Amino acid sequence: MTDSAVRTASRIDDLTRALAALRPETESPLAVRIAQAARALAGARRAAVFLREANGWVPSFDSASEGPEWETPARFPDRAGVSEGRLWVPLEAEGEVHGFLALEGLEADDPTELAASLGLIFGAMLGVSRLSKLVKDAEFEVKARLLELESLYDLGLSLAGQLDVSALADEVLYRSISLTDARKGTLVLFGERGAPPLSRSVGGEILPPGATEAWELPAGDVVINNEASRVPTAGVCFTDCEKCLLVSIAVPERRLGVLAVADKESRDGRVLDFTTADARLLSLFANQAAAAVETTRLHREAIEKERIERELELAAAIQRQLLPRELPQIPGLELAGATRPTRQVGGDYFDFFPLSRGRLGFVVADVSGKGIPAALLVSTVHAAIHLQIDASDTIVELVSRIDRHLQRFSATHKFLTLFFGLVEPDASVLRYVSAGHNPALLARGSGEVERLHATGVPVGLLPNGSWKEETAPFSSGDLLCVYSDGFTEATNAEEEEFSLDRLERAFVDRLSMTARDLSDDLFREVSLFAEGVPQYDDQTLVIVRRNTEHGTRNTGEPVPAR
Amino acid sequence: MNETCRVSVERRGDVAVFWTDGYINNQGGEEIAREAYSELDRGARALIMNLEKTRIVNSIGISILIEVLEKVMERKAVLAFCGLTPTIDKTFRIMGLAQYAAIYPTEDEAFRAVSAPA
């Protein structure tokens, strides 16, 4: 083989290797591969490629090049040409210079044509590579935006069925940190009714959870602080982050917590500024969190309400057992009794006690307060009366015993008004004690009405209460009406009270009715007056009529609750 | 959750199993990439990444995992993920990682799959 043939064969080998180096699956960076290929194609001794990157010019060298690395020139030539023994070739595509190829130790005397060819080939290659990277970055960006939308959708679905606030907080915080590329984040949900706040953090706590409830955040409840390490955020200087983004977790007119992320990172390790787009995204997460927290709270309240209602229903059932199941049949007396609680359980109580020698005891009591505590006291009073009535010689003694019982055993400082009557048909006498109770109405057969005023203080109110027993004639045709203040204090839409006068007039107008009809009619009358306005106090009524004959006119069961 | 992502690796023949614990962000991603390239250089034919102790991956972490995947493909090796939370599973599918890397529910399933003869 001639020398020329050997050189040609060697040249072909160089070119083959050069082209192989350009194959995309080769691991070396593109700039290095271009330097290798260009050196082989041009028959140069050394080659380098300088690429324009975001942070300046970056040199790459052919690994086969010998000698020290070249320094990046302060200024690159405007066009291809030889300078200081090196051929400089701009690598451009679509009018944009992406880099420079530099070759040293060229064999060719006139490299102009070579420079044009190399510039064309490698400029196009670099342009395609750059374009490919742009497309790849854009595709990544589109997918990242899609991920944001999917996350918001998924978060909404996930939180809709999430009643565990702790898991909810984690879910919101993780997604917030992930989608804002933050290094760290904290979510604080304020405690309800004095409970401590719930706080979750990733990468360290950036907020002081205990103080956040008092923060006054600006309009929109969003704070972007890209100088957080030296400028206070919401009045607090954070020491553990450079930049932060805070949003309020709130429902209308109520803040529920704060969501914060800090130190948005970049691929090269820098901390980037948070943007308004980040703030919008975090606000969307905060809104989802607020809706979920509120839903959880409402759900918890609904369960609690249901539980209370079940307990109240049970208490009401127990309380109904305290009321007389049937009216006693007392010769010469006609009776009616009914109560209408404003809640499932009330603080009113009435009862009848058939006694020896044809006598009848009866009571109407009104406990202070409402609901379960009042019902418990009613239960105590019921037990006390039933236990003490046989051991008491007089009504005053009975009331005193009840008072002592309450003073001793009642857990709460509650009291009750009480009217205890004792009818002695044989003597045509009504004995009574009214412990701070509303005036009972005693109608004579003549139509005249007497008001029976209190004869002592309410039971359980004072440590040394005293009561006086009064008597009144209770002859044939006389009619007694004892009621609780829920009757006279019932209000209508104009906030006008039914009043004792109105009750007395209604009572007098119905004296000829049976006790049961009279009771029903008075309840109806007060309902008509109230016009559907909800009432806030129990209404109780007991009617006792002294008949002319010695028979009874009691008709059926009492109506304990309407 | 850990501020820094910890990565541990166990070699089982030509399969390298990675366990991550913590947030896969820039730091966590770089840690994974460093270990992955080291295992590829040592001749690993398959990489399994068990992410069961990772709850968060951000876009920087994903871009690094994509770079790792590209390197794995250049080396004609395979990459598989397992133990993903539903959120991370969906993230990987949307961001295109699942297009070239298989996702398995458990490490055993992943190991059986990558160990099976082609």
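These figures come from a predicted structure and were not determined experimentally.

A.B. asks: Before we go on, may I ask you to explain helix 2 (residues 59-74) of chain B in this structure?
C.D. replies: Working note: α-helix, 3.6 residues per turn, so residues spaced by three or four point in the same direction. All names here are of chain B. Taking 1.5 Å of rise per residue, the 16 residues of helix 2 would be expected to cover 22 Å, and the 22 Å separating its terminal C-alpha atoms lies within 8% of that figure. Considered for burial, the residues of helix 2 that qualify are S59, I60, G61, I62, I64, L65, V68, L69 and V72. Just beyond helix 2, the residue with positive phi is K76, at close to 60°.

A.B. asks: I'm lost on the packing of helix 6 (residues 371-388) of chain A against helix 7 (residues 395-409) of chain A in this one. Help?
C.D. replies: Pairs of packed helices are described in terms of their axes, by the angle between the two and the distance that separates them. Residues and elements named next belong to chain A. Two numbers describe how helix 6 lies on helix 7: the axes approach to 10 Å, and their chain directions differ by 135°. Considering the angle they form, helix 6 stands oblique to helix 7. Both helix 6 and helix 7 take part in a crossing whose hand is right-handed. Together, T380, V381, A384, I385 and Q388 of helix 6 and L398, R401, I402, H405, L406 and F409 of helix 7 make up the contact between the two elements.

A.B. asks: How should the interface of chain B and chain A be read in this particular structure?
C.D. replies: Counting from both sides, the interface comprises 18 residues of chain B and, opposite them, 19 residues of chain A. Within the residue set of the side of chain B that touches chain A, elements represented by two or more residues are helix 2 and helix 3 (86-94) of chain B. Among the elements that make up the side of chain B that touches chain A, the one with the highest residue count is helix 2 of chain B (four residues). Across the side of chain B that touches chain A, the residue classes break down as seven nonpolar, seven polar and four charged.

A.B. asks: Quick question: what am I supposed to make of the pairing of strand 6 (residues 182-189) of chain A here?
C.D. replies: Along any regular strand, the residues point their side chains to alternate faces of the sheet. All names here are of chain A. Within strand 6, eight of the eight residues are buried, leaving the element largely enclosed by the surrounding structure. Across seven bridges, strand 6 lies against strand 10 (residues 254-265) in antiparallel orientation. From the neighbouring strand, K184 faces strand 10, where its bridge partner is A262. Of the pairings in the sheet, the one linking strand 6 to strand 7 (residues 198-202) comprises five bridges and is antiparallel in character. Directly across from V188, in strand 7, lies its bridge partner S199.

A.B. asks: Honestly, the environment of I32 of chain B in this entry has me stumped. Any pointers?
C.D. replies: Residues and elements named next belong to chain B. Its place among the elements puts I32 in helix 1 (residues 26-41). Put simply, I32 and F18 are 14 residues apart on the chain and 8.1 Å apart in space, counted from C-alpha to C-alpha. In contact with I32, other than residues within four places in its own chain, are V7, F18, T20, I24, I64 and V68.

A.B. asks: Would you explain the confidence of the model for chain B in this entry?
C.D. replies: Predicted coordinates in regions of low pLDDT should not be interpreted in detail. With 97% of its residues at a pLDDT of at least 70, chain B reaches an overall mean of 93. The complex prediction reports pTM at 0.63, with the ipTM value standing at 0.91.

A.B. asks: When you look at unusual backbone geometry in this model, what are you seeing that I'm missing?
C.D. replies: A negative phi angle characterises most non-glycine residues, just as the trans form characterises most peptide bonds. One non-glycine residue, S428 of chain A, lies in positive phi territory at about 50°. Within the element layout of this structure, S428 of chain A appears in the loop between strand 15 (416-424) and strand 16 (429-435). A count of 14 C-beta atoms within 10 Å places S428 of chain A in the partly exposed class. Even without being glycine, K76 of chain B reaches a positive phi, approximately 60°. Judged by C-beta crowding, with 8 C-beta atoms within 10 Å, K76 of chain B ranks as exposed.

A.B. asks: Could you clarify how one ought to interpret the sheet that holds strand 5 (residues 102-104) of chain B in this entry?
C.D. replies: Note on sheets: strands pair through backbone hydrogen bonds, and any given pair is parallel or antiparallel. Residues and elements named next belong to chain B. Reading across from one edge, 1-2-3-4-5 is the order of the five strands in this open sheet, with mixed pairing throughout. Here the strands that pair on one side only, and so sit at the sheet edges, are strand 1 (6-12) and strand 5. Strand after strand, the sheet turns through a mean of 20° between neighbouring axes, direction not considered. Two strands pair when backbone bridges link them, and strand 4 (residues 78-82) and strand 5 are joined in this way by three bridges, in the parallel orientation. Opposite A80, over in strand 5, you have A102 as the bridge partner. Against the sheet, helix 5 (residues 107-115) touches strand 2 (15-21), strand 3 (46-53), strand 4 and strand 5, its axis set at about 165° to strand 4.

A.B. asks: Sorry, what's going on with the environment of A262 of chain A here?
C.D. replies: All names here are of chain A. By the secondary structure assignment, A262 is in strand 10. By C-beta crowding, A262 is classed as buried, having 28 other C-beta atoms within 10 Å. A C-alpha to C-alpha distance of 9.0 Å links A262 and A228, two positions 34 residues apart in sequence. Every residue in contact with A262, bar those within four places of it in the chain, is listed here: A182, R183, K184, G185, I206, A228, C241, K243 and C244.

A.B. asks: I tried to follow the environment of L103 of chain A on my own but got confused; where do I start?
C.D. replies: Residues and elements named next belong to chain A. On the secondary structure map, L103 appears in strand 5 (residues 96-104). The buried category is assigned to L103, around which 28 C-beta atoms lie within 10 Å. For the pair L103 and A44, spaced 59 residues apart in sequence, the C-alpha separation works out to 6.2 Å. When residues no more than four places from it in sequence are discounted, the contact partners of L103 are A38, R39, A42, A44, A47, R86 and L87.

A.B. asks: Explain the sheet that holds strand 4 (residues 86-93) of chain A to me, please; I cannot follow it from the model alone.
C.D. replies: Residues and elements named next belong to chain A. Sheet architecture is open: five strands sit in the order 2-1-5-4-3, paired in antiparallel fashion. With partners counted over all chains shown, the strands left at the sheet margins are strand 2 (56-61) and strand 3 (81-83), one partner each. Pairs of neighbouring strands in the sheet enclose a mean axial angle of 30°, with direction left out of account. Pairing of strand 4 with strand 5, which is carried by eight bridges, proceeds in the antiparallel orientation. From the neighbouring strand, A93 faces strand 5, where its bridge partner is E96. Packing against the sheet, helix 2 (residues 30-42) makes contact with strand 1 (46-53), strand 2 and strand 5, and its axis sits at approximately 145° to strand 1. Along the sheet face, helix 3 (residues 112-160) touches strand 4 and strand 5 and points at about 40° away from the line of strand 4.

A.B. asks: Sorry if this is basic, but what is going on with the pairing of strand 10 of chain A here?
C.D. replies: Residue and element names in this part refer to chain A. Where burial is concerned, most of strand 10 is hidden: 10 out of the 12 residues are buried. Taken together, the eight bridges between strand 9 (residues 244-251) and strand 10 define a ladder with antiparallel strand orientation. When the sheet's bridge partners are listed, A250 is paired in strand 10 with R255. The turn linking strand 9 back onto strand 10 is made up of two residues, and E253 within it adopts a positive phi angle of 70°. Two elements, strand 10 and strand 11 (residues 271-272), share two bridges in a ladder whose sense is antiparallel. The residue bridging E265 from the neighbouring strand is V271, located in strand 11. Hairpin connection of strand 10 to strand 11: five residues between the antiparallel strands, including G269 at a positive phi of 90°.

A.B. asks: When you look at helix 10 (residues 515-530) of chain A in this model, what are you seeing that I'm missing?
C.D. replies: Residues and elements named next belong to chain A. For helix 10, built from 16 residues, the straight-helix expectation of 22 Å at 1.5 Å per residue is met to within 8% by its first-to-last C-alpha distance of 23 Å. Along its buried surface, helix 10 packs onto strand 12 (333-340), helix 8 (485-488), helix 9 (500-508) and strand 21 (539-546). Note on helix 10: the residue one or two positions beyond its end, E531, has a positive phi of about 55°.

A.B. asks: Help me understand the confidence of the model for chain A in this model?
C.D. replies: For chain A, per-residue confidence averages 85 on the pLDDT scale, and 89% of positions sit at 70 or higher. For residues 555-562 of chain A, every residue scores under 50 in pLDDT, and the model assigns this stretch 22 contacts once sequence neighbours within four places are set aside.

Scoring rules and cut-offs
- Residues numbered from 1 in each chain as written.
- Chains lettered and ligands numbered in written order.
- Predicted model: local features only at pLDDT ≥ 70, side-chain atom pairs only at ≥ 80, totals over all residues.
- Helix = DSSP H or I, 4+ residues; strand = E, 2+ residues; numbered from the N terminus.
- Expected span 1.5 Å × (residues − 1).
- Buried ≥ 20, exposed ≤ 12 C-beta atoms within 10 Å, placed from the backbone.
- Axes fitted to C-alpha atoms, helices over the stretch in contact; angles between N-to-C directions.
- Parallel < 35°, antiparallel > 145°, perpendicular 65-115°, else oblique.
- Left-handed = near helix turned anticlockwise from the far one by under 90°.
- Contact = placed C-beta atoms within 7 Å.
- Nonpolar A, V, L, I, M, F, W, Y, C, P; charged D, E, K, R; others polar.
- Pairing = 2+ DSSP bridges.
- pLDDT = per-residue confidence, 0-100.

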